[in-house]
Amino acid sequence: MKATARAHTNIALVKYWGKRDAQLILPQTDSLSLTLDPFYTDTTVEFDPELTQDQLFIDEKAVPADKMGKVERVMDTIRDWKKQSIFARIHSTNHVPISAGLASSASAFAALAAAGAKASGLNLSRRDLSRLARRGSGSATRSIFGGLVEWHRGQDDQSSYAEPIMEKLDFGLEMIAILVDTSAKKVSSRGGMQLSVETSPFYPAWKEVVKHDMTSMKQAIASHDIPAIGHIAQENTLRMHALTLSADPGFTYFDGDTLRAIHLIDDLQAEGINCYYTMDAGPNVKVLYDRHDRKLILQRLGQVFDPARLVVATAGPGVYYL
């Protein structure tokens, strides 16, 4: 009744931004992501009949029971599916900054779902693991898989799941994360999504944008067209962040270094260098490019940002057991 799993974060190239069911975490739109190799979470779940409630330790620090709502949702789902009532001791170690727009919740809840399911004795398909991880974090549904992954919006709990488009990339798409600020963000992804859905006058148009971008992105992936992939991802991220600026009250995840990075990448594009930016709900900028251009792009980024804050990320694997 004990298992340990490792799951990696992902970066959405076509964004998920908004829920239509907050309890089941059913998204307003489809989305598409790239799983990242350098950033991951290791989680051990051990069920113990002596426990009277779940216990959670993140990086060896105990988490109060009143801060475990999303974890409890995943664990209660496991108990419901297994038809058992035993509680567990959970130890999670993050190898990614928390709440900084680097998808720490994606790796955390994918690892929790996988470890919890195996420790309980559930023999779940990866599709059902994806559904289980979704109960903790929407983006976690994609971190069950490696490489390029699509999350289907679905109509209900059964039909909202992720599946891989290309688990092992056979072309040179890579990413550099510019870690401009790894402190916790002031507006959570969950709160920012809800405010955008409820108050941005542009939200209905966003859903149409995603439909178009999903089709175009899958065509670009099939063609191994990195400039097209980068361009679609860059425009998609700008339109997502336009929703935060147009919410009421308006807000942004950008800071000064975010804008410096955007302007630098714009300059590189103007010079004919194929690199493109994307950002999740945080200030850190991710640069998409062809691996043949890695050395040149690192050199140019390193003239503006501390090279120690530049992390090269190749495509990462799906969840696995340790």
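So, a few notes on the structure that sits alongside this text.

Definitions and limits used
Residues numbered from 1 in each chain as written. Predicted model: local features only at pLDDT ≥ 70, side-chain atom pairs only at ≥ 80, totals over all residues. Heavy atoms only, no water. Helix = DSSP H or I, 4+ residues; strand = E, 2+ residues; numbered from the N terminus. Rg over C-alpha atoms; globule rule 2.2 N^0.38 Å. Buried < 20%, exposed > 50% of the residue type's maximum accessible area, 1.4 Å probe, protein only. Contact = heavy atoms within 4.5 Å. Lys, Arg positive; Asp, Glu negative; His and termini not counted. Charge placed at Lys NZ, Arg CZ, Asp CG, Glu CD. Phe/Tyr/Trp six-rings, centres within 6.5 Å; stacked < 30°, edge-to-face > 60°. Lys NZ or Arg CZ within 6 Å of the ring centre and 35° of its normal. Salt bridge = Lys/Arg side-chain N within 4 Å of Asp/Glu carboxyl O. Pairing = 2+ DSSP bridges. Axes fitted to C-alpha atoms, helices over the stretch in contact; angles between N-to-C directions.

## Some words on the overall build of the chain
Logical step 1: Along the backbone of the chain there are eight helices and 14 strands.
Logical step 2: Over its C-alpha atoms the chain spans a radius of gyration of 19 Å, differing by no more than 12% from the 20 Å that the globule rule assigns to 322 residues.
Logical step 3: Principal-axis analysis of the C-alpha atoms places the extent of the chain at approximately 65 × 40 × 35 Å.
Logical step 4: The buried share among the 322 residues of the chain stands at 55%.
Logical step 5: Across the chain, every contact between residues at least 6 apart in sequence was considered, and the portion connecting residues at least 24 apart equals 75%.
Logical step 6: Taking the average location of the 36 positive side-chain charges in the chain and that of its 38 negative ones, the two points are 3 Å from each other.

## Topic: the packing of aromatic side chains
Logical step 1: For the structure shown, the criterion picks out three aromatic pairs.
Logical step 2: Considering the side-chain rings of Trp17 and Tyr253, the 6.2 Å spacing of their centres and the 90° angle between planes classify their relative orientation as edge-to-face. One end of the pair, Trp17, is in the loop between β1 (2–14) and β2 (19–21); the other, Tyr253, is in the loop between α6 (226–245) and α7 (256–270), with 236 residues separating them in the sequence. For the pair shown, Trp17 and Tyr253 are each scored as buried.
Logical step 3: A centroid spacing of 5.5 Å and a plane angle of 85° characterise the contact between Phe251 and Tyr253, whose relative ring orientation is edge-to-face. Each of the two residues, Phe251 as well as Tyr253, counts as buried.
Logical step 4: Here a set of aromatic residues connected by ring pairs shows up, and it is made of Trp17, Phe251 and Tyr253.
Logical step 5: Lying over the aromatic face of Tyr321, Lys118 brings its terminal NZ or CZ to 4.3 Å of the ring centre.

## Describing the pattern of salt bridges
Logical step 1: Summed over all chains, the structure comprises 16 salt bridges.
Logical step 2: The residue Asp76 makes a salt bridge to Arg79 at a minimum N-O spacing of 2.8 Å. Of the two residues, Asp76 and Arg79 are both situated in helix α1 (residues 69–82); the distance of three residues between them amounts to about one turn of the helix.
Logical step 3: Classification of Asp76 by relative accessible area gives partly exposed; the value is 41%.
Logical step 4: One network of salt bridges, in which partners are shared, links Asp128, Arg131, Arg134, Arg135 and Asp157.

## Regarding the sheet that holds strand β11 (residues 275–278)
Logical step 1: With respect to topology, four strands assemble into an open sheet ordered β11-β12-β10-β13, the strand pairing being antiparallel. Either end of the sheet is taken by a strand with one partner, and the two such strands are β11 and β13 (310–313). Pairs of neighbouring strands in the sheet enclose a mean axial angle of 25°, with direction left out of account.
Logical step 2: Relative to β11, α7 is tilted by about 155°, and along the sheet it contacts β10 (173–178), β11 and β12 (285–290).

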